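A closer look at the structure
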Amino acid sequence: MAAVGVAGAGYVGLTTAACLAGLGHDVTCAEVDQSKVDQLSRGEVALGEPDLAPLVRDGLAAGRLRFTPDPGALDGREFVFACVPTPAGPDGAADLGAVEAVLAALHPGPHTVLVVKSTVPVGTCARIAETAGIPVVSNPEFLREGHAVHDFRHPDRILLGGEEPAVARVAALYADLGAPVVRTDHASAELGKYASNAFLALKLSYVNLLARLCERTGADIDAVTRTMSLDERIGPHFLHPGPGWGGSCLPKDTSALVATGAAAGVDLTILRSAIEANDRQHDHVVARIRQAAGGRLDGVRIGLFGLTFKAGTHDLRDSPALAVAARLAAAGAVLTGYDPGVTGGDQAGPVQRVDDPVLAAKGARVLVVLTEWPEFGGLDWSQLAAVAEGDVVVDTRGVLDPAALRGSGLRCLRLGHPAGE
Ligand code: UDX
């Protein structure tokens, strides 16, 4: 059992704190937001991460987990995890202000190891180790939103960068997980994280471009990706076309890696192309919606189903759904949106949010699915068809059954399939 400090209680920090406590360690989690500290200390978890709330409550009840606004409470702890945001700055490079604040507040003990879980540019951990004069281990996370506890407990790999014995000591924290451990230097661990996330983005941009090619050639994207997925070097994941990739990680990590490349004199053209293709994917979806609306959007009412960046989250950050909505609004469309993960009937940018899918469909010329919520397949599409003005659904996620919609009198347009199938 180790004495662990965690700085930050976002989905990464809170998952790390609760799961390490669940592994039997003693964890103090410092969070700057007092209201969040109060909520968490009562066992209230606002994040919709499955299994996280009971894990937090178990840790509190066992006395192995506590929350505080005071960074000084981490002083002297054997391991201090930095789990704070590193958002993209105006030039795309990662903003390290929050990491530096953790460091400034840190009063290490004789055995303290700083564990950097935040995604930081190559060279950051070595620089911190040099200036702080304490061992630093890079330990990037690979937690998907909506699957964070699962991914912590069943990681494909634990990635550790730094020097011995600090790396071995951090590896021991995770020993009970029985996962493969990659032990390497700081730079390789830092780059390994960016390289992994950026590759996922590359794969998605490629699939989205293939879907557009299918629409032009009459091929079926599902058959094409099925063919690809059976090649074990490609695999079945991240082959679903959509309105683009988003969220709090992939966009910032891809732009940060391009910035790292530029600073190092290596133009990551392939990654820049993937970012550009992602922006164009938003435009392509708008073009499909405009076509479905009869060629114009000005004054046209559109019903949006899905606003979050992906299903299973409440997260609107860098959501492709909102990128598409912004373009639709700029073209004069009138937008109403329903998302089961986002409650409250206020505005989300240009979208009038409603809590009832019928209100999203009411009077709409086109209905558009932008997030892959499974419950959209279970909606009463006959009722939605009855209140909609138009008879077409643009399903950018492929979660609906065109045959079932035809039964409701609706045409279903999907990415990667011929129009009007
Ligand atoms: C990602 C990485 O997966 C995770 O390893 C890292 O630690 C954090 O960033 P997350 O941001 O939760 O996780 O999103 P992810 O599940 O990767 O999806 C990213 C985007 O790609 C979403 O907008 C999602 O809708 C989209 N996506 C994903 C597709 O469009 N098609 C797919 O097949 C899969």
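Residues numbered from 1 in each chain as written. Predicted model: local features only at pLDDT ≥ 70, side-chain atom pairs only at ≥ 80, totals over all residues. Heavy atoms only, no water.

What counts is decided by this rule: UniProt positions are given in the numbering used here, feature names are shortened, and annotations may be inferred rather than shown by experiment.
Under an unreviewed UniProt entry, the name given to the protein chain is UDP-glucose 6-dehydrogenase, and the source organism is Amycolatopsis tucumanensis. According to the UniProt record, the Sequence similarities (unreviewed entry) comment for the protein chain is "Belongs to the UDP-glucose/GDP-mannose dehydrogenase family." Among the UniProt annotations of the protein chain, the heading Catalytic activity (unreviewed entry) holds the following wording: "UDP-alpha-D-glucose + 2 NAD(+) + H2O = UDP-alpha-D-glucuronate + 2 NADH + 3 H(+)".

**Here we look at the nonpolar core**
The line we're drawing: What is meant by a nonpolar core is a set of buried Ala, Val, Leu, Ile, Met, Phe, Trp, Tyr and Cys residues, joined one to another through side-chain atoms within 4.5 Å. Relative accessibility decides the category of a residue: with a 1.4 Å probe and only protein chains considered, values under 20% of the type maximum give buried, values over 50% give exposed, and everything between is partly exposed. Put simply, DSSP H or I for four residues or longer makes a helix, DSSP E for two residues or longer makes a strand, and each gets a number counted from the N terminus. Pairs of residues are marked as contacts when any of their non-hydrogen atoms sit within 4.5 Å.
By size, the foremost hydrophobic cluster in this structure holds 44 residues, and its most contacted members are Val4, Phe79, Phe81 and Val170. When residues in this core are grouped by element, the largest group, eight residues, is from helix H1 (residues 11-22). Among all residues touching Phe79, those that are not within four sequence positions of it are Ala2, Ala3, Val4, Gly5, Val113, Val115, Arg169, Val170 and Leu173. Of all hydrophobic cores here, the second largest spans 25 residues; its members include Val286, Leu304, Ala348 and Leu370.

**Some remarks on empty space enclosed by the protein**
As a reminder, the rule being used: The distinction between a cavity and a pocket rests on a 1 Å grid over the protein atoms alone: a 1.4 Å probe fits inside a cavity but cannot get out, while a pocket stays open yet meets protein on both sides within 12 Å along at least five of seven lines, and a residue with an atom within 4 Å of a point counts as lining. Grid points are joined across faces, edges and corners, and a volume is the space filled by probe spheres set on the points. Lys, Arg, Asp and Glu make up the charged group, whereas Ala, Val, Leu, Ile, Met, Phe, Trp, Tyr, Cys and Pro make up the nonpolar group; the residues left over, Gly among them, are polar. For the domain bounds, the source is a domain assignment made automatically or taken from a database.
Applying the stated criterion to the full structure yields one cavity of 30 Å³ or more. Looking at the largest cavity, its volume works out to about 40 Å³. Contributing to the lining of the largest cavity are Val116, Ser118, Thr119, Val120, Ser138, Pro140, Glu190, Lys193 and Tyr194. Within the lining of the largest cavity, the residues separate by chemical class into four nonpolar, three polar and two charged. Two domains each put at least three residues into the lining of the largest cavity: domain 1 (3-183) and domain 2 (185-421).

**Describing the side chain of Asp395**
For clarity, the threshold we go by: In this tally, Lys and Arg are treated as positive and Asp and Glu as negative; His is ignored, and so are the chain termini. Definition used for salt bridges: Asp or Glu carboxyl oxygen within 4 Å of a side-chain nitrogen of Lys or Arg. In the analysis that follows, any N or O atom pair within 3.5 Å is treated as a polar contact, provided that within protein one partner can donate a hydrogen and the other can accept it, and provided that, for residues neighboring in sequence, both atoms belong to side chains.
Take Asp395: it is sitting in strand E14 (residues 392-395). For the buried Asp395, no salt bridge is present, and the opposite-charge side chain at shortest range is Arg414, 5.7 Å distant. A polar side-chain atom of Asp395 sits 3.0 Å from the main-chain amide nitrogen of Arg397. Among the polar contacts listed, one links the side chain of Asp395 to the backbone nitrogen of Leu400, at a separation of 2.9 Å. Not counting residues within four places of it along the chain, the set of residues in contact with Asp395 comprises Val369, Leu400, Cys412, Leu413, Arg414 and Leu415.

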